[in-house]
Amino acid sequence: MNRNTVTGDYININLRQLGATSIKEFNSIMHIAEFDLGDGLIVSYVFNITRHNKYFLQRVEPYAMIHGKFASDQEIIDFITEDLKRFQNAKNSHNFDTFLIISHLGHHVTENIEKLFLNYNVDSENLENIQNEMEDSLRHILSLFDHSEKIDLPDIKEQS
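Per chain, residues are indexed from 1 in the order of the written sequence. For this predicted model, a pLDDT threshold of at least 70 governs which residues receive local features, and a threshold of 80 or more governs which side-chain atom pairs are given and counted, while totals over whole chains, interfaces and linings are taken from all residues. With hydrogens and water set aside, each side-chain value is computed from the structure's full complement of heavy atoms.

Caption draft 1: Spotlight on the overall build of the protein. In this description a helix means any DSSP run of H or I spanning at least four residues, a strand means any run of E spanning at least two, and both kinds are numbered starting from the N terminus. Across its full length, the protein carries four helices and five strands. Going from the N terminus to the C terminus, the protein shows its helices and strands as α-β-β-β-β-β-α-α-α. Only protein chains enter the area calculation, which uses a 1.4 Å probe; residues under 20% of their type maximum are buried, those over 50% are exposed, and those in between are partly exposed. Taken across its 160 residues, the protein has 29% of its residues classed as buried. In this analysis, two residues are considered to be in contact whenever any of their non-hydrogen atoms come within 4.5 Å of each other. Pairs at least 24 apart in sequence give 39% of the contacts found in the protein among residues at least 6 apart.

Caption draft 2: Looking closely at the side chain of Ser 44. Relative to the assigned elements, Ser 44 resides in strand E3 (residues 42-49). On the basis of relative accessible area, Ser 44 is assigned to the buried category, the value being 2%. When sequence neighbours within four positions are dropped, the list of residues in contact with Ser 44 reads Ala 33, Glu 34, Gln 58, Arg 59, Val 60 and Glu 61.

Caption draft 3: Summary view of the packing of aromatic side chains. Two rings from Phe, Tyr or Trp (for Trp, the six-membered ring) form a pair when their centres sit within 6.5 Å of each other. Planes less than 30 degrees apart are called stacked, planes more than 60 degrees apart edge-to-face, and all others tilted. Enumeration according to the criterion identifies six aromatic pairs in this entry. Ring geometry for Tyr 63 versus Phe 99: centroids 5.6 Å apart, planes at 80°, classification edge-to-face. Pair noted here: Tyr 63 is in the loop between strand E4 (55-61) and strand E5 (65-70) and Phe 99 is in helix H3 (residues 96-119), with a separation of 36 residues, a long-range link. Taking relative accessible area as the criterion, Tyr 63 reaches 12% and is therefore assigned buried.

Caption draft 4: Geometry of unusual backbone geometry. Look at the link from Glu 61 to Pro 62: it is a cis peptide, with omega at 10°. With respect to the helices, strands and loops of the structure, Pro 62 is situated in the loop between E4 and E5. Although it is not a glycine, Asp 39 sits at a positive phi angle of roughly 55°. Along the chain, Asp 39 turns up in the loop between strand E2 (30-36) and E3.

Caption draft 5: Layout of the pattern of salt bridges. One speaks of a salt bridge when a side-chain nitrogen belonging to Lys or Arg is within 4 Å of a carboxyl oxygen belonging to Asp or Glu. This model, assessed by the stated rule, comprises three salt bridges. Put simply, Lys 91 and Asp 39 hold a salt bridge, and the shortest N to O gap is 3.2 Å. Within this pair, whereas Lys 91 is found in the loop between helix H2 (73-90) and H3, its partner Asp 39 is found in the loop between E2 and E3, the two being separated by 52 residues in sequence. Between Asp 136 and Arg 139 there is a salt bridge, and its shortest N-O distance comes to 2.6 Å. One end of the pair, Asp 136, and the other, Arg 139, are both in helix H4 (residues 124-146), three residues apart, so they sit about a helical turn from each other.

Caption draft 6: Local environment of the environment of Leu 57. For Leu 57, the position within the fold is in strand E4. Classification of Leu 57 as buried rests on a relative accessible area of 0%. Counting along the chain gives 22 residues from Leu 57 to Phe 79, while the straight-line C-alpha distance between them is 9.5 Å. Those residues in contact with Leu 57, other than ones at most four positions away along the chain, are Tyr 45, Val 46, Phe 47, Ile 66, His 67, Gly 68, Phe 70, Ile 76, Phe 79 and Ile 80.

Caption draft 7: Representation of the pairing of E5 in the model. Two strands pair under a simple rule: DSSP has to find at least two bridges between them. Sheet analysis places E4 next to E5, joined by five bridges and oriented antiparallel. What sits directly across from Gln 58, in E5, is Ile 66.

Below, the structure is given as structure tokens:
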């Protein structure tokens, strides 16, 4: 039995204890864990165990977000535990559906910018306009950190 199998099994056991409703494993290196948080909210993650026994994690539902590399299986479990607590809390917000729409719009913007840039000759003025609009949106979002009340959930470490 190789280390990837043992490590993957350890993470899978912990994710089941967290309430994973489905875990799929592919060649002992790629794992997909799904959590049903109720009210139609499914949160799912894909993690890969690399050749160097590190981990690469991304959330795939309710929207795709790469969370990057982790050094240990415990870091993966801790991250998912805290992420699920945040989503469990967030689903109770009256703004949750709007948040999901904004997240999906961001994904579609990224997809279409790529499609446009890789497949069309767009003049520099139009690209600069898009860049300026995106920078304005980012500045607005970043300003909301200072003008919004922070959610304080017990037992959750600060995530950036």
